[in-house]
Amino acid sequence: MCGFIGFFDQSRRLSSPASLSLVKAMAEAIRHRGPDDHGEWSDPDSGIAFGHRRLSILDLSPEGHQPKSSHCGRYVIIYNGELYNFRDLRKDLEALGHSFRGTSDTEIMLSAFTQWGVFESLKKFNGMFAFALWDKKEKLLHLSRDRVGEKPLYYGWQGKTFFFSSELKAMRVHSDFQGQISEAALDLFIQYNYVPAPHSIYKNIFKLQPGTLLTLPTHSDRQDWTTETYWSLHDTVEAASQNPFSGSDDEAVQALDDLLTDAVKIRMQSDVPLGAFLSGGIDSSTIVALMQKVSTRPVSTFTIGFSEKGFDEAKIAKQVAAHLGTDHTELYLTPQDAMNVIPKLPHLYDEPFSDSSQIPTYLVSQLARQKVTVALSGDAGDELFGGYGRYLRGSQVWNAMTKIPYPIRLGISKTILGVPYQWSDAFFSTLGSITPSKRDLKFKVRRLSDTSHRLAQLLQVKDLSTMHSKIVSNVEIDRVVLNDQNPIANVFSSTRIPNSLTSPMEKMMYLDTLHYLPDDILAKVDRASMGVSLESRIPLLDPRLIQFAWSLPLHFKLREGTGKWLLKQLLYKYVPRQLVERPKMGFSVPIDLWLKGPLRDWAESLLDTKTLQNDGFFSSKNVLQNWDLYLKGKRGRQPLLWSVLMFQSWHQNQVGTGPRSELQG
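Residues numbered from 1 in each chain as written. Predicted model: local features only at pLDDT ≥ 70, side-chain atom pairs only at ≥ 80, totals over all residues. Heavy atoms only, no water.

## Points about the overall build of the chain
To keep it simple, the criterion reads: The helix count covers DSSP runs of H or I at least four residues long, the strand count covers runs of E at least two residues long, and both are numbered beginning at the N terminus. Relative accessibility thresholds used throughout: buried, under 20% of the residue-type maximum; exposed, over 50%; partly exposed, between the two (1.4 Å probe, protein chains only). Residue contacts are counted whenever heavy atoms from the two residues lie within 4.5 Å of one another. Accessibility throughout is a Shrake-Rupley quantity obtained with a 1.4 Å probe, and a residue counts as covered only by protein chains that appear here.
Tallying secondary structure elements over the chain gives 30 helices and 17 strands in all. Within the span of the chain, comprising 665 residues, buried residues form 59% of the whole. Contacts in the chain between residues at least 24 apart in sequence constitute 74% of all its contacts with a sequence separation of at least 6. On the chain, roughly 25,900 Å² of surface is accessible, and the fraction owed to carbon and sulfur atoms is 51%.

Structure follows, in structure tokens:
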């Protein structure tokens, strides 16, 4: 696991010493991704410069050093990630006459490119990766990213310089980097809590889509690149539908056991200490159970806990660890421990990001890094096996809506939205105040104003993709972004859904796997873990497992009103049902409580009227109106406000960025 930065200087104005010095300074900005080693390489005649930071995992010898050249001398690579099937590929290449000096997967990749070409090699790789590859012979720069998007890769032109890197902060060191904020990306961020690919927060800088190979010719004055898709979820789903799983329940459990056990096993290859995150939920407990199954010694597991009611899974995780016999470490955190992370978030996440589970993810990574350098996680179980509650609820809403003729739905929606928000607020607040019984019920009644407006918005949609987009986005009764870019605001509606998917639930799972999984979940895990120089690995994203999951008929995922049926059956082979059979909690912190308490001064300093007006990104009137109503308990707007706060914090951090390295001839 590593980090890299590079650039192509179209004007070729840098000498070799100048380009090496500059790219070294740029790589230093992402030192946390690779504290063990660094390397630089340049070809001034071609205008190419590579910088690399190494976190040593496999082959700790100098043979694992990067940038690395192929034995034939044609290719030079900088690479971030792991190839889990590199040993099998090595055997195939040795049979074809290749020999190797070390045991790193980087050497295998280069030989594969030499033997099969770049595009065909990518189809053979089972791993998580992003790389930049310079082809000296053809004067081509190749960039590529793994199938689902576990590893990040940004790229784009800034004037006459083409940048590519693991994180944006490395680009910002270069004096050619312009760093203009994209208003379109800001609008998307406020809606979804992350900036969806291919956008980034900066104009003309993009995220490479997963499963893609980008090629940039450097022998002309043109700035065009081409992209090819070497793997797509769409084609995988369609292929799986042509050969659906037809076995029994027991056969399905055994097939999943065999596949996931091997996926876990190959991800336990490491020359440094390895462990796992354990929340006590279905996904992480299953991964740890299979790790312990194939391990000859207790697996190191890590859990953090919070004392606030409803936010603590540590007790369950401890019981699961005790049953499996792991070497378990838990740490209970105070609110102050978690809040101390908040100032680090703008630098850590590099662009605005407001999934609040970013905080516990960083803290559990920090805990694990004290003992291990690699940690396996249970991410992606919800997307592959239908674990999110919104899948069932969304399906129910969609099925009910489509029974009502659209003109009638539209009329109902306009009627609800035609009522001034303050009127409905007042009505439901009054109703809540006279509601008998429990406090929670009173609170829910008061929130019906938000719920009714959300429902009214859903009634207007004509397709499932748009409905899903509204379900997973922030409700904005009053727009908070100035100059919002509505034409691209729905990233889901343009997604081509496979014809083989007929159920609303499967369509929503598909959309989440393409968008929410890589741009939120995987980005969160990568930045949090790499922020403390920890490599995270995700067995559920093995391509064989993805293929299998999509070959399963829906009843293997959804039964009796709950998702992840098959994954649960596998876990029950190793852990007593009563230990893990409970409502899904998620991995979160009580942001709502903190914003109204210890974080209030911090929040209000970022929401200062003068600051909002001077920055010019948000409507200060609408933001502060939402803040006031939120503090009074009249609107459930915490996710929206957290997004505004995370952007403001990020922007202030960027404004204070230190001096950039200057070009030297």
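There's plenty left to go through after this.
## Digging into the packing of helix 15 (residues 389-401) against helix 21 (residues 504-514)
Basically, it comes down to this: The convention used is that axes are lines fitted to C-alpha atoms, helices contributing only their stretch in contact, and that angles between N-to-C directions extend from 0 to 180 degrees. Every angle not falling under 35 degrees, over 145, or within 65 to 115 is termed oblique; those three ranges are roughly parallel, roughly antiparallel and roughly perpendicular. Crossings are assigned a handedness: left-handed for a near helix turned anticlockwise from the far helix by less than a right angle, right-handed for a clockwise turn. Gly falls in the polar group here, along with every residue not listed as nonpolar (Ala, Val, Leu, Ile, Met, Phe, Trp, Tyr, Cys, Pro) or charged (Asp, Glu, Lys, Arg).
Packing of helix 15 against helix 21 brings their axes to within 8 Å, and their N-to-C directions diverge by 130°. Taken together, the axes of helix 15 and helix 21 are oblique relative to one another. Here helix 15 runs over helix 21; the crossing is right-handed. Where helix 15 abuts helix 21, its residues Arg-390, Tyr-391, Gly-394, Ser-395, Trp-398 and Asn-399 lie against Pro-504, Met-505, Met-508, Met-509 and Asp-512. When its residues are assigned to classes, the contact of helix 15 with helix 21 shows six nonpolar, three polar and two charged.

## Details of the sheet that holds strand 10 (residues 206-207)
Here is the rule we go by: For two strands to be treated as a pair, DSSP must find at least two bridges joining them.
The strand order across the open sheet formed by six strands is 2-3-1-9-8-10, and the pairing between neighbours is antiparallel. Of all strands in the sheet, those with a lone pairing partner are strand 2 (37-43) and strand 10, marking the two edges.

## A few points about unusual backbone geometry
Geometrically, the link from Gln-66 to Pro-67 is a cis peptide bond, its omega value of 0° lying close to zero. Assignment of secondary structure puts Pro-67 in the loop between strand 3 (48-54) and strand 4 (68-69). Look at the link from Ala-197 to Pro-198: it is a cis peptide, with omega at 10°. Phi at Lys-139 takes a positive value of approximately 55°, unusual for a residue other than glycine. Residues other than glycine seldom take positive phi values, yet Asn-193 does so here, at roughly 75°. Among the structural elements, Asn-193 can be located in the loop between helix 6 (183-192) and strand 10. Judged by its relative accessible area of 15%, Asn-193 is buried.

## Let's talk about the side chain of Asp-519
Convention followed: We count Lys and Arg on the positive side and Asp and Glu on the negative side, and we leave His and both chain ends out. By definition, a salt bridge exists where a carboxyl oxygen of Asp or Glu is found within 4 Å of a side-chain nitrogen of Lys or Arg.
Looking at the secondary structure, you find Asp-519 in helix 22 (residues 516-530). Buried Asp-519, no salt bridge; nearest opposite-charge side chain is Arg-145, N-O distance 5.2 Å. Setting aside residues up to four positions removed in sequence, Asp-519 forms contacts with Tyr-194, Val-195, Pro-196, Ala-197, Lys-207 and Phe-353.

## Considering helix 21
Because each turn of an α-helix spans 3.6 residues, side chains separated by three or four positions end up pointing in the same direction. Counted residue by residue, helix 21 has nine buried out of eleven residues, so it is predominantly covered. Taken together, the buried positions of helix 21 are occupied by Pro-504, Met-505, Glu-506, Met-508, Met-509, Tyr-510, Leu-511, Asp-512 and Thr-513. Tucked into the core, helix 21 has its buried residues touching helix 7 (233-242), helix 14 (381-385), helix 15, helix 20 (464-472), helix 22 and helix 23 (543-551).

## Topic: a nonpolar patch on the surface
Note the threshold: Residues enter a patch when their relative accessible area is above 30% and they make no salt bridge; the linking distance is 9 Å between like charges and 5 Å between nonpolar side chains (Val, Leu, Ile, Met, Phe, Trp, Tyr).
Judged by side-chain polarity, Ile-404, Ile-408 and Ile-412 come together as a nonpolar surface patch covering roughly 230 Å² of accessible area. Secondary-structure assignment places Ile-412 in helix 16 (residues 406-418).

## Re the nonpolar core
In plain terms, the rule: In this description, a nonpolar core means a group of buried Ala, Val, Leu, Ile, Met, Phe, Trp, Tyr and Cys residues linked to one another through side-chain atoms lying within 4.5 Å.
Core analysis: the largest hydrophobic core is formed by 168 residues, its most contacted members being Phe-131, Leu-260, Ile-359, Trp-550 and Phe-618. Every residue in contact with Trp-550, bar those within four places of it in the chain, is listed here: Leu-233, Val-237, Ala-240, Leu-384, Leu-501, Glu-506, Met-509, Tyr-510, Thr-513 and Lys-557.

## Topic: the pattern of salt bridges
In total, this model carries 30 salt bridges according to the counting rule given. For Arg-222, the salt bridge identified is with Asp-224, shortest N-O distance 2.2 Å. Residue class for Asp-224 comes out partly exposed when judged on its relative accessible area of 42%. Close ionic contact of Asp-257 with Lys-573 constitutes a salt bridge, the shortest N to O distance being 2.6 Å. Linking Asp-257 in helix 8 (residues 249-266) with Lys-573 in the loop between helix 24 (565-571) and helix 25 (577-580), this pair joins segments that are 316 residues apart in sequence.

## Quick word on the environment of Leu-89
Along the polypeptide, Leu-89 turns up in helix 2 (residues 86-95). It is 8.8 Å that separates the C-alpha atoms of Leu-89 and Met-109, two residues lying 20 residues apart in sequence. Ignoring any residue separated from it by four or fewer positions in sequence, one finds Leu-89 in contact with Leu-83, Ile-108, Trp-116, Lys-124 and Phe-125.

## Re helix 6
In terms of burial, helix 6 is largely enclosed, as nine of its ten residues are buried. Taken together, the buried positions of helix 6 are Ala-184, Ala-185, Leu-186, Asp-187, Leu-188, Phe-189, Ile-190, Gln-191 and Tyr-192. Contacts from the buried residues of helix 6 go to helix 20 and helix 30 (638-655).

## Looking at the sheet that holds strand 11 (residues 212-217)
With respect to topology, six strands assemble into an open sheet ordered 4-5-6-7-11-12, the strand pairing being antiparallel. Edge positions in the sheet fall to strand 4 and strand 12 (226-229), since each has one partner strand and no second. Bridge count for strand 5 (residues 75-83) against strand 6 (residues 127-135) is nine bridges, and the pairing is antiparallel. Within the sheet, the bridge partner assigned to Tyr-79 lies in strand 6 and is Phe-131. Along the sheet face, helix 3 (residues 105-116) touches strand 4, strand 5 and strand 6 and points at about 125° away from the line of strand 5.

## Remarks on the packing of aromatic side chains
Our working rule: Between the rings of Phe, Tyr and Trp (Trp by its six-membered ring), a pair exists once the centres lie within 6.5 Å; its type follows the angle of the planes, with under 30 degrees stacked, over 60 edge-to-face, and the other angles tilted. Whether a charge lies above a ring is judged from NZ of Lys or CZ of Arg, which has to be within 6 Å of the ring centre and within 35 degrees of the ring normal.
One pass over the full model with this rule turns up 32 aromatic pairs. Ring centres of Trp-602 and Trp-642 lie 5.9 Å apart, and the angle between their planes is 50°; this geometry places the pair in the tilted category. One end of the pair, Trp-602, is in helix 27 (residues 600-606); the other, Trp-642, is in helix 30, and 40 residues separate them in sequence. Trp-642 gets classed as buried once you look at its relative accessible area, which sits at 0%. By way of ring pairs, the aromatic residues Phe-8, Trp-41, Phe-50, Tyr-155, Trp-157, Phe-162, Phe-164, Phe-206 and Trp-225 are connected into one cluster. Sitting above the plane of the Tyr-388 ring, Arg-390 keeps its charged end 4.4 Å from the centroid. A cation over an aromatic ring shows up here: Arg-390 above the ring of Tyr-516, its NZ or CZ 5.1 Å from the ring centre.

## Some thoughts on the confidence of the model for the chain
The condition is simple: pLDDT runs from 0 to 100 and stands for how confident the predictor is about each residue.
When the pLDDT values of the chain are averaged, the result is 90; 90% of them are 70 or greater. Scored below 50 in pLDDT, residues 657-665 makes 25 contacts in the model with residues more than four places away or belonging to other chains.

## Some thoughts on the environment of Pro-244
Position of Pro-244 relative to the elements: it lies in the loop between helix 7 and helix 8. Residue Pro-244 is classed as partly exposed on the basis of its relative accessible area, which comes to 44%. In the structure, Pro-244 is positioned 304 residues away from Phe-548 in sequence and 8.7 Å away in space, judged by C-alpha atoms.

## Some details on the pairing of strand 1 (residues 2-9)
Of all eight residues that make up strand 1, eight are buried, and the element is covered over most of its length. Burial along strand 1 is two-sided: the residues Cys-2, Phe-4, Gly-6 and Phe-8 and Gly-3, Ile-5, Phe-7 and Asp-9 are all buried. Bridging between strand 1 and strand 3 involves seven bridges; their strand directions are antiparallel. Directly across from Gly-3, in strand 3, lies its bridge partner Arg-53. One ladder, built from five bridges, connects strand 1 with strand 9 (residues 161-165); its direction is antiparallel. Each residue of the ladder has a partner; that of Phe-7, found in strand 9, is Phe-163.

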